[in-house]
Amino acid sequence: MFRGRVRAHRFQRRTLRSWAFAQQITFTRYKAARAGIAFLLVDPAYTSQACPECGWVSRANRPARSRFVCTRCGLAGHADHIAARNIATRGAAGWAAINQPHATGLPSPRRDRESKPPASASGS
């Protein structure tokens, strides 16, 4: 997808095409941590085919490369803008799931193990 559309000088193409996406994620995660910014990976699957208003996913929602028109509710716009809205929604949902508070005071096997004194190693 990205590699086939990039137009660059011959030497730049070699650099761009040899750069692994995992390495890009690592660099982005490192720089975000250094700047104190939260980093969350979001699955981009079907973000350009899904409607952010009604949730309908269909290939027919993309009549052209840069155009999005929902076949169910009629929402229309630029495909990149719609995909960005979907990614933002998924990111917010993922962030909410990460930030759920842990319930305290409930029985927990881990808490029970941690509260027991360690067994003596001498055996007496």
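Residues numbered from 1 in each chain as written. Predicted model: local features only at pLDDT ≥ 70, side-chain atom pairs only at ≥ 80, totals over all residues. Heavy atoms only, no water.

> Tell me about the environment of A76, and name the residues and values.
Structurally, A76 can be placed in strand β2 (residues 76-78). Measuring from C-alpha to C-alpha, the distance between A76 and R62 comes to 9.8 Å, with 14 residues separating the pair along the chain. Sequence-distant contacts of A76, defined by excluding residues within four places in its chain, comprise R67, F68 and V69. (Helix = DSSP H or I, 4+ residues; strand = E, 2+ residues; numbered from the N terminus. Contact = heavy atoms within 4.5 Å.)

> Mind laying out helix α4 (residues 79-98), listing which residues take part and the relevant values?
For α4, which comprises 20 residues, the first-to-last C-alpha distance of 29 Å matches the rise-based estimate of 28 Å (1.5 Å per residue) to within 8%. The set of residues buried in α4 consists of A79, I82, A83, N86 and G91. Check the buried side of α4 and you find it contacts β1 (67-69) and β2. (Expected span 1.5 Å × (residues − 1). Buried < 20%, exposed > 50% of the residue type's maximum accessible area, 1.4 Å probe, protein only.)

> Give a description of the pattern of salt bridges that names residues and reports values.
Summed over the entire model, instances satisfying the criterion amount to one salt bridge. Across the salt bridge formed by E53 and R85, the nearest N and O atoms sit 2.6 Å from each other. With E53 in the loop between α3 (21-35) and β1 and R85 in helix α4, the pair connects residues that are 32 residues apart, well separated along the chain. The exposure class assigned to R85 is partly exposed, which follows from its relative accessible area of 30%. (Salt bridge = Lys/Arg side-chain N within 4 Å of Asp/Glu carboxyl O.)

> Describe the environment of C54, with residues and values.
In this fold, C54 is placed in the loop between α3 and β1. Each C-alpha atom of the pair C54 and L75 lies 9.0 Å from the other, and the pair is 21 residues apart in sequence. Those residues within four positions of C54 in sequence are excluded, and the remaining contacts are C70, R72 and C73.

> Tell me what's going on with α3, and back it up with residues and numbers.
With 15 residues, α3 should cover 21 Å at 1.5 Å per step; its first-to-last C-alpha distance of 21 Å lies within 8% of that length. Just beyond α3, the residue with positive phi is G36, at close to 80 degrees.

> Can you explain unusual backbone geometry? Please cite residues and give values.
Here Y46, not a glycine, exhibits a phi torsion of approximately 65 degrees, which is positive. Considering the arrangement of structural elements, one finds Y46 in the loop between α3 and β1.

> Residue-level account of the side chain of N86, with values.
Counting through the fold element by element, N86 comes out in helix α4. By relative accessible area, which is 8% here, N86 ends up buried. Leaving out residues up to four positions away in the same chain, N86 has contacts with T47, A50, C51 and P52.

So yeah, pure geometry; function would need other evidence.
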